[in-house]
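# Analysis of the macromolecular model
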Amino acid sequence: MVINGIIAALYIAVTMLVQPFGYNAIQFRLSEMFNHLVVFNKKYMIGIVLGVFIANLFSPLGMYDLAFGVGQSILSLAITIWSARFIKGQATRMIFNTIVFTIMMFLIAIEIQLVGDIPFALKPFLLTWLTCAAGEFAVMAVGIPVMMLLNKRLHFNKLIEE
């Protein structure tokens, strides 16, 4: 429980550090690299989701971000956890995790369309999805070597008991 509390606190702190870039159509939320922790142990999902929830309490997008942001995280993390049955190797699972989170940014694009009261049309939606997905992909891709290096020192799979 303590480790998940620390993960949630780190997620919130890093999100607030780059706050102007974490809640818009062009998102660059560095804390998203913590999503890779579920590759090491599925129990990290609790801390990540708690961190997303609390960080999104401060979102200018309001209640939408609590529903869509937290929902996107839960679904993406669950897919990655489920995929561990079939995908072996931490690096491969992190690549898969990056792809899942990037694709699932369509939920955030829907949220931004709703909050912006933008009439739904394919072209603005796809542009919003593209910008959200590009930021997510960049953070998650950079997060792979960062988390691999941190794991060598911290041994994420041993921090939380099975």
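Let me sum up the structure you'll find in this document.

### Describing the environment of Thr92
Residue position: Thr92 is located in helix H5 (residues 90-103). In this structure the C-alpha to C-alpha distance between Thr92 and Met104, which are 12 residues apart in sequence, comes to 18 Å.

### Considering the side chain of Ser59
You can see Ser59 is positioned in the loop between helix H3 (44-57) and helix H4 (63-83). Ser59 gets classed as buried once you look at its relative accessible area, which sits at 9%. Of note is the side chain of Ser59, whose polar atom sits 3.0 Å from the backbone nitrogen of Leu61.

### Concerning a nonpolar patch on the surface
Judged by side-chain polarity, Val142, Val146, Leu150, Leu154 and Leu159 come together as a nonpolar surface patch covering roughly 370 Å² of accessible area. Counting residues per element, the nonpolar patch draws most heavily on helix H7 (residues 122-154), which supplies four residues. Of note, Val146 is situated in helix H7.

### Regarding empty space enclosed by the protein
Applying the stated criterion across every chain yields a total of one cavity of 30 Å³ or more. Estimates place the volume of the largest cavity at around 110 Å³. In terms of lining, the largest cavity is formed by 13 residues, of which the most central are Gln27, Arg29, Glu32, Gln72 and Ile108. Breaking the lining of the largest cavity down by element, the ones donating at least two residues are H3 and H4. Top element by residues in the lining of the largest cavity is H4. It accounts for four residues. The class makeup of the residues in the lining of the largest cavity is four nonpolar, five polar and four charged.

### What to know about the nonpolar core
Ranked by size, the top nonpolar core spans 23 residues in total, and within it Leu37, Tyr44, Ile48 and Leu77 carry the most contacts. When contributions to this core are tallied by element, the ones reaching two or more residues are helix H1 (2-17), helix H2 (37-40), H3, H4, H5 and H7. Considering each element in turn, this core owes the most residues, six residues, to H3. Those residues within four positions of Tyr44 in sequence are excluded, and the remaining contacts are Ile3, Asn4, Ile7, Leu37, Val38, Phe156, Leu159 and Ile160. With five residues, the next largest nonpolar core counts Ile108, Ile112, Cys132 and Ala133 among its residues.

### Observations regarding helix H6 (residues 106-115)
When we look at burial in H6, the residues that qualify are Leu107, Ile108, Ala109, Glu111, Ile112 and Gln113. Residues of H6 that are buried in the fold lie against H4 and H7. Two residues or fewer past H6, Asp117 is found with a positive phi of approximately 50°.

What counts as what
Residues numbered from 1 in each chain as written. Predicted model: local features only at pLDDT ≥ 70, side-chain atom pairs only at ≥ 80, totals over all residues. Heavy atoms only, no water. Helix = DSSP H or I, 4+ residues; strand = E, 2+ residues; numbered from the N terminus. Buried < 20%, exposed > 50% of the residue type's maximum accessible area, 1.4 Å probe, protein only. Polar contact = N/O pair within 3.5 Å; in protein donor to acceptor, adjacent residues only side chain to side chain. Patch = residues over 30% accessible without salt bridge, like charges linked within 9 Å, V, L, I, M, F, W, Y side chains within 5 Å. Areas by Shrake-Rupley, 256 points an atom, 1.4 Å probe, with all protein chains shown as cover. Salt bridge = Lys/Arg side-chain N within 4 Å of Asp/Glu carboxyl O. 1 Å grid on protein atoms, 1.4 Å probe; cavity = no way out; pocket = protein on both sides within 12 Å on 5 of 7 lines; lining within 4 Å. Points joined across faces, edges and corners; volume = space filled by probe spheres on them. Nonpolar A, V, L, I, M, F, W, Y, C, P; charged D, E, K, R; others polar. Core = buried A, V, L, I, M, F, W, Y, C linked by side-chain atoms within 4.5 Å. Contact = heavy atoms within 4.5 Å.

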